[in-house]
Amino acid sequence: MQVKLKLLTGTRAGQEIAVPGPRFRIGRDASCQLRAKSDAIAEAHCEVQVEPGAATLVDLDSATGTFLNGKRLSGSSPLKAGDRFRVGPLEFGVEIIIRVAGTKKPKVNSVEEAAARMAGAGGADDLDIDSLLNGDDAGTAPSRYAAQLTPDEIAALGTGGGQAKPSSSPAKSPPSNDNTRDKAADALNKMHRNR
């Protein structure tokens, strides 16, 4: 979630200010992220707090008050897109951008690329090999095991039809066709059976 404040008054009206962290303090004090030179603004006047999925405006017991949508704020209140608040002579509009999904990555062209992306993702539960191969954003079911492939299993999945190095435990031989999706599914099934 990204919160921006748009200045609605003054010589800089229209300027957007990104709220960079979980606490964005407005006031005259040097510790404030947004400092104003007006006596109508307290040393620490108010604060915008941002948490995942929620933004809150908090008045820090300022003498002149913080006004949200024309009403004096007592304590704190949730913020939503389109809200307006006033701090002394400054009035701000609130913009909230909520991202539903992560950034789309380019389509994967090989199983090696898929395995490398899965291993580097750190969060394998968010990705699915089938969706990577098809270029989909939303796969059908997350693959818990994709990031646990061994280098030998990754080599066996390659498009060149290579085989995994023989292991000490007996295993079914991979299918004879060169369909990488079938090979990937077989390797994942094999890993799942061995758990």
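First, a word on what this report is: a plain description of the structure on this page. Quick caveat: nothing in here was measured; it's all calculated off a predicted structure. (Residues numbered from 1 in each chain as written. Predicted model: local features only at pLDDT ≥ 70, side-chain atom pairs only at ≥ 80, totals over all residues. Heavy atoms only, no water.)

### Topic: the pattern of salt bridges
Inference 1: Overall, the coordinates contain 7 salt bridges when judged by the stated rule.
Inference 2: In this structure, Glu47 and Arg25 form a salt bridge, with 3.1 Å as the shortest nitrogen-oxygen distance. Taken together, the residues span a long stretch of sequence, with Glu47 in strand 5 (residues 46–51) and Arg25 in strand 3 (residues 23–27) at a distance of 22 residues.
Inference 3: For Arg25, a relative accessible area of 27% gives the class partly exposed.
Inference 4: In this structure, Asp39 and Arg28 form a salt bridge, with 3.4 Å as the shortest nitrogen-oxygen distance. Residue Asp39 is found in the loop between strand 4 (34–35) and strand 5, and its partner Arg28 is found in the loop between strand 3 and strand 4; the two are separated by 11 residues along the sequence. (Salt bridge = Lys/Arg side-chain N within 4 Å of Asp/Glu carboxyl O. Helix = DSSP H or I, 4+ residues; strand = E, 2+ residues; numbered from the N terminus. Buried < 20%, exposed > 50% of the residue type's maximum accessible area, 1.4 Å probe, protein only.)

### A few points about unusual backbone geometry
Inference 1: Of note, the phi angle at Asp61 is positive, near 60°, even though the residue is not glycine.
Inference 2: Here Asp61 shows up in the loop between strand 6 (54–59) and strand 7 (66–68).
Inference 3: The exposure class assigned to Asp61 is exposed, which follows from its relative accessible area of 74%.
Inference 4: In this structure, Asn69 takes a positive phi of about 50° despite not being glycine.
Inference 5: Assignment of secondary structure puts Asn69 in the loop between strand 7 and strand 8 (71–72).
Inference 6: What makes Asn69 partly exposed here is its relative accessible area of 41%.

### Some thoughts on the nonpolar core
Inference 1: Residues Leu5, Phe24, Ile26, Val48, Leu57, Phe85 and Phe92 are the most contacted members of the largest nonpolar core, which totals 22 residues.
Inference 2: Among the secondary structure elements, those contributing two or more residues to this core are strand 1 (2–7), strand 3, strand 5, strand 6, strand 10 (84–87) and strand 11 (90–97). (Core = buried A, V, L, I, M, F, W, Y, C linked by side-chain atoms within 4.5 Å.)

### Some details on the side chain of Ser110
Inference 1: Within the secondary structure, Ser110 is located in the loop between strand 11 and helix 1 (111–121).
Inference 2: Overall, Ser110 belongs to the buried group, its relative accessible area being 16%.
Inference 3: Here Glu113 takes part through its backbone nitrogen, which lies 3.2 Å from a polar atom of the side chain of Ser110. (Polar contact = N/O pair within 3.5 Å; in protein donor to acceptor, adjacent residues only side chain to side chain.)

### Digging into the sheet that holds strand 10
Within a beta sheet, neighbouring strands are joined by backbone hydrogen bonds and run either parallel or antiparallel to one another.
Inference 1: On the basis of which strands lie adjacent, the open sheet formed by 6 strands has the order 2-1-11-10-7-8 and antiparallel pairing. Edge positions in the sheet fall to strand 2 (16–18) and strand 8, since each has one partner strand and no second.
Inference 2: Inspection of the sheet shows strand 1 paired to strand 2 by 3 bridges, in the antiparallel sense. Across the sheet, residue Lys6 finds its bridge partner in strand 2, namely Glu16. (Pairing = 2+ DSSP bridges.)

### Looking at the pairing of strand 3
Inference 1: By the bridge criterion, 4 bridges tie strand 3 to strand 5 in an arrangement that is antiparallel. Paired with Ile26 across the bridge in strand 5 is Cys46.
Inference 2: Bridging between strand 3 and strand 4 involves 2 bridges; their strand directions are parallel. What sits directly across from Gly27, in strand 4, is Arg35.

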